[in-house]
Amino acid sequence: MTCHPERLPSSEAKGSACHPERSEGSPQTLRDDVARRTTNIIRRVRVGGDSALLELAYELDGVQLDSLEVPRAERRRALAALDPDVRRVMERAMRNIERAHRAFAPTTIETETEPGIVVGRRPDALERVGVYAPGGSAAYPSSVLMACVPARIAGVREIVLCSPPGRNGLPADVVLAAAELCGVDRVFAVGGSGAIAAMALGTDSVPRVDRVVGPGNAYVAEAKRQLASEVGFDSPAGPSELLVIADESASPADIVGEMLAQAEHDVNARVLALVMSDRFAAELRRKVASDCVRVVASLDEALDIVADFAPEHLLLAVAEAESLLPRVRNAACVFLGSTSSVAFGDYMTGANHVLPTGGAARRYSGLTTSDFVRWTSYQRVSPAAATRLSADVATFAEAEGLPAHAAAARARSGPRQIEPCDLSDNRNLFGVAPAALRELKSLDARTALPYPSGDGELRRAFADYLGCAPENVVTGNGSDQVIELAFRALAGAGGTVAWCEPTFSMIPRFVEWLGARAKAVPSRRDGAAGVDALLSADADVVYLCSPNNPTGVTTPAREIEALIAKARGTVVIDEAYAEYAGKSCVDLVATADNLVVVRTMSKAFGLAGLRVGAAVASPALAKRIGAMRAPFSVNAIAQRIATAVLREDVDWMRSIVRETCTEREALLLGLRRLGLDALQSEANFVFIPIDDADGVVQRLAALGVLVRAFNGAIRVTVGPPHMVESFLLALERVLGERR
Ligand code: PMP
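This write-up is about the structure you can find in this document.

Cut-offs and rules
Residues numbered from 1 in each chain as written. Predicted model: local features only at pLDDT ≥ 70, side-chain atom pairs only at ≥ 80, totals over all residues. Heavy atoms only, no water. Helix = DSSP H or I, 4+ residues; strand = E, 2+ residues; numbered from the N terminus. Rg over C-alpha atoms; globule rule 2.2 N^0.38 Å. Buried < 20%, exposed > 50% of the residue type's maximum accessible area, 1.4 Å probe, protein only. Contact = heavy atoms within 4.5 Å. Areas by Shrake-Rupley, 256 points an atom, 1.4 Å probe, with all protein chains shown as cover. Lys, Arg positive; Asp, Glu negative; His and termini not counted. Charge placed at Lys NZ, Arg CZ, Asp CG, Glu CD. Pairing = 2+ DSSP bridges. Right-handed = clockwise from strand over helix to strand, strands pointing away. Phe/Tyr/Trp six-rings, centres within 6.5 Å; stacked < 30°, edge-to-face > 60°. Arc of directions from axis to C-beta. Near = heavy atom within 4 Å. Polar contact = N/O pair within 3.5 Å; in protein donor to acceptor, adjacent residues only side chain to side chain. Axes fitted to C-alpha atoms, helices over the stretch in contact; angles between N-to-C directions. Salt bridge = Lys/Arg side-chain N within 4 Å of Asp/Glu carboxyl O. Core = buried A, V, L, I, M, F, W, Y, C linked by side-chain atoms within 4.5 Å. Disulfide = S-S within 2.5 Å.

## Things to note about the overall build of the protein chain
Scanning the protein chain from N- to C-terminus turns up 28 helices and 25 strands. For the protein chain, whose C-alpha radius of gyration is 35 Å, the value lies well above the compact-globule estimate of 27 Å for 739 residues. Taken across its 739 residues, the protein chain has 54% of its residues classed as buried. Expressed as a percentage of contacts within the protein chain between residues at least 6 apart in sequence, the contacts between residues at least 24 apart total 72%. Here the protein chain has roughly 32,900 Å² of accessible surface; of this, 51% comes from carbon and sulfur atoms. Counting 81 positive and 91 negative side-chain charges, the protein chain places the centres of these two groups 3 Å from one another.

## Focus: the pairing of strand 9 (residues 270–275)
Here strand 9 lies mainly inside the structure; six of its six residues are buried. Looking at chain direction, strand 8 (residues 241–246) and strand 9 are connected through six bridges and run parallel. When the sheet's bridge partners are listed, Glu241 is paired in strand 9 with Arg270. Crossover strand 8 to strand 9 through helix 9 (residues 252–264) is right-handed. For the crossover that starts at strand 9, traverses helix 10 (residues 278–285) and ends in the parallel strand 10 (residues 293–295), the hand is right-handed.

## With respect to the side chain of Thr555
Looking at the secondary structure, you find Thr555 in the loop between strand 18 (541–545) and helix 22 (557–566). Of the residues examined, Thr555 reaches a relative accessible area of 5% and is grouped as buried. If sequence neighbours within four positions are ignored, Thr555 has contacts with Ala528, Ala529, Val531, Leu544, Ser546 and Ile560.

## Some remarks on the packing of aromatic side chains
Within the structure shown, the criterion is met by six aromatic pairs. Each ring, one from Phe487 and one from Tyr543, has its centre 6.2 Å from the other, and the planes form 90 degrees; the classification is edge-to-face. With Phe487 in helix 19 (residues 478–490) and Tyr543 in strand 18, the pair connects residues that are 56 residues apart, well separated along the chain. Accessibility classification places Phe487 together with Tyr543 in one group, the buried group.

## Focus: helix 10
Those residues of helix 10 not exposed but buried are Phe280, Ala281 and Leu284. Taken around the axis of helix 10, the buried residues stretch over an arc of 100 degrees, which confines them to a single face. Taken together, the buried residues of helix 10 touch strand 8, helix 9, strand 9 and strand 10.

## Quick look at the site of the ligand
The full set close to the ligand counts 13 residues, and Ser479, Asp574, Thr600, Ser602 and Arg611 are the nearest of them. Separating an oxygen atom of the ligand from a side-chain N or O atom of Thr600 is a distance of 2.5 Å. Between an oxygen atom of the ligand and a side-chain N or O atom of Ser602, the distance comes to 2.6 Å. Against a free-state accessible area of 400 Å², the protein chains account for coverage of 92% of the ligand. The greatest single-element share of the shell around the ligand, amounting to three residues, is contributed by helix 19.

## With respect to unusual backbone geometry
Here the amide bond leading from Ser546 into Pro547 is cis, since omega sits at -5 degrees, within 30 degrees of zero. Looking at the element boundaries, Pro547 is found in the loop between strand 18 and helix 22. A cis amide bond links Asn549 with the next residue in sequence, Pro550, at an omega value of 20 degrees. Along the polypeptide, Pro550 turns up in the loop between strand 18 and helix 22. In the Ramachandran plot, Asp538 falls in the positive-phi region, its phi being about 50 degrees despite a non-glycine side chain. Structurally, Asp538 is set in the loop between helix 21 (531–536) and strand 18. Phi angles above zero are rare outside glycine, and Arg611 is one such case at about 65 degrees. Along the polypeptide, Arg611 turns up in the loop between strand 20 (595–600) and strand 21 (613–617).

## Details of the sheet that holds strand 20
Pairing between sheet strands relies on hydrogen bonds along the backbone, with the strands arranged either parallel or antiparallel. Read across the open sheet, the seven strands follow the order 15-21-20-19-18-16-17; overall the sheet is mixed. The sheet is open, and its two borders are formed by strand 15 (473–476) and strand 17 (517–522), each paired with just one other strand. Within the sheet, the average angular offset between the axes of one strand and its neighbour, ignoring direction, is 20 degrees. The pairing of strand 18 with strand 19 (residues 570–574) spans five bridges and is parallel. What sits directly across from Val542, in strand 19, is Val571. The sheet strands contacting helix 20 (residues 506–514) are strand 16 (496–501), strand 17 and strand 18, and the helix crosses strand 16 at an angle near 165 degrees.

## Focus: the environment of Arg509
Among the structural elements, Arg509 can be located in helix 20. Considering only alpha carbons, one finds Arg509 and Gly695, 186 residues apart in sequence, at a separation of 26 Å.

## Digging into the pattern of salt bridges
Scanning the model with the defined rule gives 51 salt bridges in all. The shortest N-O distance in the salt bridge between Glu665 and Arg664 comes to 3.6 Å. Residues joined by salt bridges that share partners form a network here, namely Arg438, Glu439, Arg640 and Glu648.

## Quick look at the nonpolar core
Membership of the largest hydrophobic core comes to 89 residues, with the highest contact counts inside it found for Leu671, Ile714 and Phe727. Once you skip the residues sitting within four places of it in the chain, Ile714 turns out to touch Val686, Phe687, Ile688, Ile690, Ala693, Val696, Val697, Val707, Arg708 and Phe727. Residues Met146, Ile159, Val175 and Ala197 belong to the second largest nonpolar core, which totals 71 residues.

## Examining the state of the cysteines
On inspection of all chains with the given rule, the structure shows zero disulfides. Cys585 provides the cysteine sulfur closest to Cys468, a residue in no disulfide bond, and the two sulfurs are 13 Å apart.

## Some thoughts on the sheet that holds strand 24 (residues 708–710)
Strand order in the open sheet formed by three strands is 22-25-24, and the pairing between neighbours is antiparallel. Edge strands, defined here as strands with exactly one partner in the open sheet, are strand 22 (685–689) and strand 24. Recorded for the sheet is a direction-independent mean angle of 25 degrees between the axes of neighbouring strands. Judged from the five bridges that link them, strand 22 and strand 25 (residues 713–717) form a sheet pairing that is antiparallel. Note on strand 25: the bridge partner recorded for Phe685 is Thr717. Along the sheet, helix 26 (residues 650–673) contacts strand 22 and strand 25; its crossing angle with strand 22, the most-contacted strand, is approximately 15 degrees.

Okay, here's the thing in structure tokens:
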């Protein structure tokens, strides 16, 4: 067998047996010659239309045609004459192509970027599509099905097919039969670059189309290149390619079979097997050329070669094909496991066999229904959203020196309205972690309903995220549970727990439920924890929340370190809001054996409803806390989602945190304009000292805006711009009523 593991210029593609436009000479002369002759043919079709096509049929195909269009009766005749067995398998192939392509068909998608702002896109089928089907020995009805069925499913109004005439003046019978089977609207006996030019430019007979797809010889490829600015095309097609990765689980005979099958397509086909042992390579080399087989040291090396080659077909004839799939880069179509023969994909599985070659798999995909649609995008802005947008859009437009745009935006500003919003529970109001959404959608009974098998994965994910070891981590049903477990393990009934007032409102209750003794000491004037007061409480457990809820104030690292060093008992640092502050005491766990750091997925990660939290402590301390925990504290669904989010969505979380901090500054600025000053928060909420906090909260609630009242202050969760604006508007009204 011949084989070409190195790249060849794609214009030499399929130069063998497709259409009798022939050239001779060196590759470069050949390419120049193909380009020149193609330019000439395109010019003739552009000027002469149908008469040029008739002349070309005479010159190149050796037939005198009366008309270019093939009558419907000829297509029906060809289909009726088709061997019934061939017809049966063609129909089976068509059904599977239909199933697969219907399942992947593009659909309308809408999303709300902000309340009242809807952005959507709708797939609209192309009006008219052209399919090119080569003739001669390259007349493949399977390619006709692969192009026409997806076009039909996409809803293309008219499918036009061109194929070169044979001696009888008609395209090959198999092509006509396949065209009839898949409902092609019009067929023309036109071949080569003339056909591409006719469909791209339109003639009296051949209608101009919006996109042309289908394989062809070097002239067809060159015509597509030259006409690319006038019509859409499919990805460039060159000689077919197969890369095989085979391990010892594969049968050498099967691999040889696959390689020979690929080489049959084309004398220039490129075929390469990457194998793991000299023994396996020697077996293959008995039947195929030696340079078509390469021994690699590892699967990683094989995957790097794949990524570099970007093959049309990749056969993973390895035991762990499925687990290799996520690591594959730049392959157009992957065949998983040695029973997944490429031949099945060429004909029957329903996957499309029109695939990019020559390295184009780096930037192109195989043919899909999406190739036959264009997208109409649309957007809708509600009156309330228009009011919210107008000032910012005007600012942007003015910065770009476009005053008329700014004026148009301002003209849409209606009376500002208070939109109901809940800013009372410090939830993440900026969106949902993408991995959580995906995992929720893909839940199934088998993983969700049995008892969870431990929490190892989740602990590992927390450990990787926080930079500690899984042995340091105890997970729980929210950080609520983790704090309770820590109090139970480290203070117990009758023990003492100290904290600074005000702090997380559940702390006194946890202590009371446990039957422990409470030692609440005051915070400093600036809101930070009073470390000296905490130390003098001489408690079994010191609880410190940083950034603190409800003030948002962090206690400086130096003071926390001093507290840990001097405390008689264990220090529990609640870092529920640490992501917003961008600082943490987790690293201290490695050296302090009286420290427990508590984290949650409820705040920055936005998973409050999932109930997942963790304690981080020395392995010995973690063991004591873990011993208080019932085995299935975190349910299987929560574990799966939280693990995925910790593994995949840390960047997403960080961008949400940045947005939150920007809005927090906007909120502080707005408050100052109203004559109010909040404490310096490093969390996703602000604490605003105010007279008659209860009364203010009640009046805000009457306007639909919910916030929390504390002794002499209100706490407001930071939300996206429209919520901050609603809150400020409502507060302005409430303060106005008071005056
Ligand atoms: N710690 C602090 C400081 C909190 O504010 C909260 C909830 N508001 C929690 C812990 C508990 O969070 P969860 O149980 O949702 O993890």
